[in-house]
Each structure stands twice: as C-alpha cells, then as structure tokens.
Amino acid sequence: MAVIRDMIPPFELYQPAGVDDAVRLMDEHGSDGWVLAGGLDTFDWFKDRIKRPAAVIDLGGVDEIRGITGAADGGLDIGAMTSLTDVAEHADVQGRYPLLADAAGLVATPQIRNQGTLGGNIVQDTRCWYYRSGWPCYRAGGNICYAATRRSMNREHCIVGADRCVAVNPSDTAPALVALDAEMVVVSTSGERTYPAADFFIGPDIDIERMTVLEPGDLLTRVVLPAPWEGARWYFEKIRDRKSWDFSLVSVASTLSVQGGVIQDARIVVNSIAPYPVRMGAVEAAIRGREPSDETGHMAGEIAVEDARALRHNDYKIALTRNLVRRSIRDAA
Amino acid sequence: MEFLRRALNPWGEDVPIGVSWDLIWAAVIIGAVFVVVHALMVPKKVGTGEVDPDEAEGLPEKLQRHKPGARGFHWSMSATMFALLITAFFPVIGIQFPWVTIHWIAGVLLILTVIYHIYHVFAKQDFWTMWIDRRDIEEGKQGLKAALGKADAERPRAGKYPVDQKMFHHVAMVATLGAVVTGVLMMFRIDNFLWAERTYMFSDATWGWIYVIHGVCGIGLIFLVIAHVYFAIRPEKRWMTWSMINGWIDRDRYLENHDPARWTVPEAGTQAAEAEGD
Ligand SMILES: Cc1cc2nc3c(=O)[nH]c(=O)nc-3n(C[C@H](O)[C@H](O)[C@H](O)COP(=O)(O)OP(=O)(O)OC[C@H]3O[C@@H](n4cnc5c(N)ncnc54)[C@H](O)[C@@H]3O)c2cc1C
Ligand code: HEM
Ligand code: SF4
C-alpha cells in the first residue's frame, strides 16, 4: 500500500437526505462523483490521493436504506447502509440466515464492522496492492498487469476467472449473499433494477475497471434475501493469514437442502479465488442426489479446482479451495 | 479533445498508455461525413454500355476477375476484420462482453489470411497489378476532374485495379500491418496459449507507443471500412462487388472500365471455361 498522506485532496461534499436526492446528485456528477458509505475503503483511496473525485455523495443521512425489515415472501430486506455489526447481530439474520451472520461477523474488526456497511462491503474494490498503490495497471485504465508476471508478488491473487487482471474480490459477505440467492436492488435516475447476487459481480473479461454491474449514477439500495430453504444446512469458512483480522485468502459459503439424507439442491460459492465470488455450478450439479458425506465432499473438491490455474506464488489456493469445498459439504449444519 | 491516454508509471514518468477513445467517434463522424458528401457530389454513373466491337472480338462473355483464392482471401480478411473491429470497439462504447480472447484469435486468423495473400500474390497473381505508376496518377487526376463534373474530363480506363482502389489497398495495408505487428507484440502482455508472457520486454514508454499505434491503426480501419463498404454498395461499383463473390465480370464492363492494354485477360477459351466453372 502506498504511504498514507493525511491530507485528503479537496472535494465538494453533498449530504442527501433520501435516495431520490442521492441518485440525482450521482447522476449530476457522473464519473466525477463518489458514493461514501462507511468510508473504510473510500478513505484509503482518498488519503493515498489515488482517487480524486470532484464530488462526494455521503449516504450517512439516507436513513431509508438503513435497517433490516421482513420482505413480502418471508425473506429479509436489508438496507445497503446497514452496518455489518447490525447484520451480524440481528436476531432474524442469526436465526434464519446464520450463513450471512457468520460472514458479516468475520469481516475485519468490531470497529470496522460498526462503521462499515453491507453495501460498502459488497461494492468495495479489490485489494491488489499494485493497483492500490496507484500504479497504472489495466484496472486503473492502463495497459499492464503488474501482478500476473513471473516476478510478481501474487500470493493473494486469483486462480480462476483471470482476464489480464488477476485480482480477487475481497468481500466476506459477497459469497454468502450469492449462496443465499440474494437479490441486489439498484436505483438510478432511470429507475430501479434488480440483479441476482451471482450476476451483480462481474469479471475483468467483461469490464476490467469494475467489480460489479454498478456504473456511475447507480446506487445499491437494498439486498433482499428470499425465504431460506426448508431444512437448509449452511457452512461458512474464511481462511486468512492471522486470526485477529485480515482479508480472506479463500472463503467458502454453502447452502444445502438435504431431504431424506440426500442433497436436493445446493449453492457452493468460493471467494477470493477470482475477481468475483465464484458460484460452483458444476459442483452443485455433481452433488445433487448424493449424501452430504466426506466422499461427496472429496469429489466436489476435485471438481471445484478443475479449471484452476495458479500464478507464481498462489498454488496453495488450489489445495485450500479443494479442502474448503469438501468441508462445506461434509460439515454443513 | 485529447489524442493520447497517458499515465504516471511507478517511477513517476509520464508515459503514453494508449490512444484516446474520443478518436473512435472522430473516425465514425469523418466516415459518415465522407459518405454523405461523396454521395451528394458524385453522380451514380452506371455503365454506358458503349464498347468497341473490335476490342470485344474474341473475348468470352464472362471474364475472370478474381480467382477463388483471391476471393477466399478477401472474405476471410473481411470476416476477421469485422470480428477485430467489433471486439475492439464495442466494449469501449458500452456494449460489453468478454472480448480479448476472440480478438486475438481473430487477429491470428487475420495474420494467416495475410500470409496466404502474400504467398498468393507472389506465386499466383501479378504483383504489379497493384503498383501505382504514372498512368495511374494521370488516371486519378482525370477521374477526379470527371467526378467533380468538369465538362471535358473523362476518366481514362484503368488497369486491373483503378487508382482509387490501389490507394485504398495501400492505406489499408499500412493500417493492417501496423495493427498486426503491434498486436503480435501485445500478445506478450496477455495470457495466450501461443507464447508466454513477457510483460517487461520493452520500457513502459515503448509499450505505450505500441498501444498507441495499435489503436491509431484500428481507428483508421474504422474509417477505411466505412469507405470501403460504401463504395462496394454504390450502384456503379456493384459489378465489381459481385465479381468478388462470383469471380467474373462481363465483357462489356471489362471493356468499358479497363484498358485491355493495361489489363490483359488470359486466353479467351481458358478464361470462359474457368469462369463457367466458378
Ligand atoms: C483494515 C481493514 C480490514 C478489512 N478487512 C475486511 C475483511 O476481512 N473482510 C471484508 O469483507 N472486508 C474487509 N474490509 C472492508 C470493510 O469491511 C468495508 O466493508 C469496506 O471497505 C467498505 O465498506 P464501507 O461501508 O466503509 O464503504 P465505503 O468505503 O464508503 O465504500 C466502498 C465502495 O463502495 C461504494 N459504495 C458504498 N456503498 C454504496 C452503495 N450503497 N451503492 C453504490 N456504491 C456504494 C463506494 O463508492 C466505494 O467505492 C476491511 C477494511 C479495512 C480498512
Ligand atoms: C486489424 C484490426 C485490429 C483492430 C481494429 C484492433 C484494435 C484493438 C484495440 C482498439 C485494442 C485495445 C487497445 C488498448 O486498450 O489500448 C486492441 C487490443 C488488443 N489487440 Fe487488437 N486490433 C486489431 C488487430 C489485432 C491483431 C492482428 C492482433 C494480434 C494477433 C491483436 C491483438 C490484440 C491484443 C492482444 C490486445 C489486448 C492487449 C491488452 O489489452 O493488453 N489485434 N486491439
Ligand atoms: S491484478 Fe488487476 S488490479 Fe492488480 S495489477 Fe493486475 S490489473 Fe491491476
């Protein structure tokens, strides 16, 4: 990471009181505008003087997208400005979606979870340090990836989904939301759109400068969880370098619908191995109709890494993915 | 409007990283203006049908203009060129899809096509038919006067290729070769199964200029393709376009537009047989 200089370059600060105002301002400023939620990703960029927006639209006062309520079909509706602590500690989330509670509760530190929002956690940028240092790589609009060469420091980078850029998606809540079939509600001046969580994240093959479908002017307002599967089993595990706080090296989120001892349906999602949370469709298909046993898990782990390709320093991620997928089936509870 | 995209590299040097994407629109607008102005100014003079019976004697009704190999080259070139233009520029203007792999594979196919063309030109065709000589320059001058409506000007008959086509060929050749050479180098920066990455083969500035040249040639090709397609569908040129599909032109078109002294068709008998066979 670059040296943090304490002075942030000047910008116009806007503090809208509602979604309509916020999207109008975002539309007005387009790519010169920046949405501010908890500020944990944002202020890194600003203090390093790498991103220098002319206008900052602070969502702090947009209360209508903060909080958790019941959704029409028995699911939950979580405002994008809800803090990660509130998500992790909410009784309904803990009771009915422990997968999300686990994932949100494992993000960083208590202080960061108090300040960081679910929306910001989902939309946060990659942690690739070449990019974070302000180097003009592909993701920054340039013509080079500093991380993909044989001499690069790429221990934390991806093993699938690379397309010139080999960065990974760092979010802990993202794989959980994909595994829960969540829907992302996006509002702009042209109206409201909804994306299945799996389609919300995009890879560098589609757009090397974005990690999600959001374009300038788009505001993520809510995350809607459908009613959980009958008798669902869950699993979340995050592997990181140290137990105190850190971004994941690999994380896995799974949901299994098991009836009569047999897997009826499954969502297996792995993050931090690709520029987006990877939903393992081939694994899900292969384990349907089987028992959630170690044998099934073993087979699933092998399938999960079939397309994986290590960079110079990250082949350990292949073994990690294999084992996490195995455990996410065998140990789902 | 800016011409280059620039960035500060890790050593703080200001280096080019590519061509400005505004130029895409400049090429499209210039292409559209060219088409409209040309369409309004130059009348669609479809053939008069007046040919000299002496010249026609002994010539078959259908004369072969493009051998199957030459036609194969042309259509392979156009398919790969469209694939390259679409994969390169659609994502930039907002129609996003995974483009890089399709792009470089189309690029490799284009290179194979060009290699075949070079072989074909030297081995099977007359290299000099594309050469611009003094008669072409005269033909060009007269042609321009005639096109601009000068009363007494008449465009002289051409060799196998009219001078404007020759000029198009040479400009397109330079732009294509520019894109090909730089494209091959750029493949050292991306993951491909032909050769390994060599990201630091050149300095940042050199790489930057390689990207700039690739972009400039690519954007130039936008204009050239617009102009080329426009001429191909103009009524008075359609017989030529057809010949790129079926291989032959009819005798009257030949005598009307080409100087038999400058483009001598092979033996009438063989010619007719070949044309029939296509
Ligand atoms: C030291 C440290 C450790 C961390 N460790 C982890 C970790 O282990 N796991 C993990 O998952 N995360 C981790 N994070 C990330 C952190 O948890 C935050 O969730 C994240 O950085 C952004 O949340 P935020 O609310 O602060 O958003 P901001 O920083 O304000 O915004 C982040 C990005 O999202 C955009 N944005 C925010 N909200 C919206 C919205 N509603 N609509 C559209 N765009 C929006 C902003 O424009 C910005 O680009 C860590 C961060 C730090 C600083
Ligand atoms: C002839 C028509 C061609 C056009 C119009 C064209 C256009 C483009 C454009 C506009 C880009 C984006 C460049 C940038 O980001 O600055 C690009 C990238 C690329 N082109 Fe081409 N190109 C052509 C031919 C080729 C050929 C023949 C090859 C190779 C065989 C090639 C290989 C590549 C590669 C590898 C990239 C990606 C480089 C990167 O992102 O780092 N191109 N092309
Ligand atoms: S991995 Fe992506 S973000 Fe990192 S240097 Fe390469 S292009 Fe940039």
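Keep in mind that this is a model prediction, so the values were computed, not measured.

**Topic: the site of ligand 2**
And then number 1: Around ligand 2, the surrounding shell holds 26 residues, and the nearest of these are A:Tyr138, B:Arg5, B:His103, B:Tyr211 and B:His214.
And then number 2: At ligand 2, the nearby residues belong to more than one chain, namely chains A and B.
And then number 3: Take A:Tyr138: an N or O atom from its side chain is 2.4 Å from an oxygen atom of ligand 2.
And then number 4: One nitrogen or oxygen atom from the side chain of A:Arg164 is found 3.2 Å from an oxygen atom belonging to ligand 2.
And then number 5: A breakdown of the residues in the shell around ligand 2 according to their chemical character gives 19 nonpolar, five polar and two charged.

**A closer look at the confidence of the model for chain B**
And then number 1: Here chain B shows a mean pLDDT of 87. Residues at 70 or above account for 92%.
And then number 2: Contacts of residues 267-278 of chain B to residues separated by more than four positions or lying in other chains number 18 contacts, the stretch itself having pLDDT below 50.

**Some words on the environment of A:Val213**
Residue and element names in this part refer to chain A.
And then number 1: Looking at the element boundaries, Val 213 is found in the loop between α10 (197-200) and β8 (219-225).
And then number 2: Sequence spacing of Val 213 and Tyr 235 is 22 residues, and the spatial spacing of their C-alpha atoms is 27 Å.
And then number 3: When neighbours within four sequence positions are excluded, Val 213 is seen to be in contact with Tyr 195, Asp 199, Phe 200, Ile 202 and Asp 218.

**Here's the deal with the coordination of the iron atom of ligand 2**
And then number 1: For the iron atom of ligand 2, the full set of protein donor atoms is B:His103 (NE2) and B:His214 (NE2), at a range of 2.0 Å.
And then number 2: The class of B:His103 is buried, set by a relative accessible area of 15%.

**Here's the deal with the side chain of A:Thr149**
And then number 1: Relative to the helices and strands, A:Thr149 resides in the loop between α8 (129-132) and α9 (173-179).
And then number 2: With relative accessibility at 3%, the residue A:Thr149 sits in the buried group.
And then number 3: In this structure the side chain of A:Thr149 is engaged in a polar contact, spanning 2.6 Å, whose partner is the side chain of A:Ser152.
And then number 4: When sequence neighbours within four positions are dropped, the list of residues in contact with A:Thr149 reads A:Asn154, B:Glu197, B:Thr199 and B:Tyr200.

Quick notes on the rules
Residues numbered from 1 in each chain as written. Chains lettered and ligands numbered in written order. Predicted model: local features only at pLDDT ≥ 70, side-chain atom pairs only at ≥ 80, totals over all residues. Heavy atoms only, no water. Near = heavy atom within 4 Å. Polar contact = N/O pair within 3.5 Å; in protein donor to acceptor, adjacent residues only side chain to side chain. Nonpolar A, V, L, I, M, F, W, Y, C, P; charged D, E, K, R; others polar. pLDDT = per-residue confidence, 0-100. Contact = heavy atoms within 4.5 Å. Helix = DSSP H or I, 4+ residues; strand = E, 2+ residues; numbered from the N terminus. Donors = N, O, S within 2.8 Å, 3.2 Å for Na, K, Ca; no water. Buried < 20%, exposed > 50% of the residue type's maximum accessible area, 1.4 Å probe, protein only.

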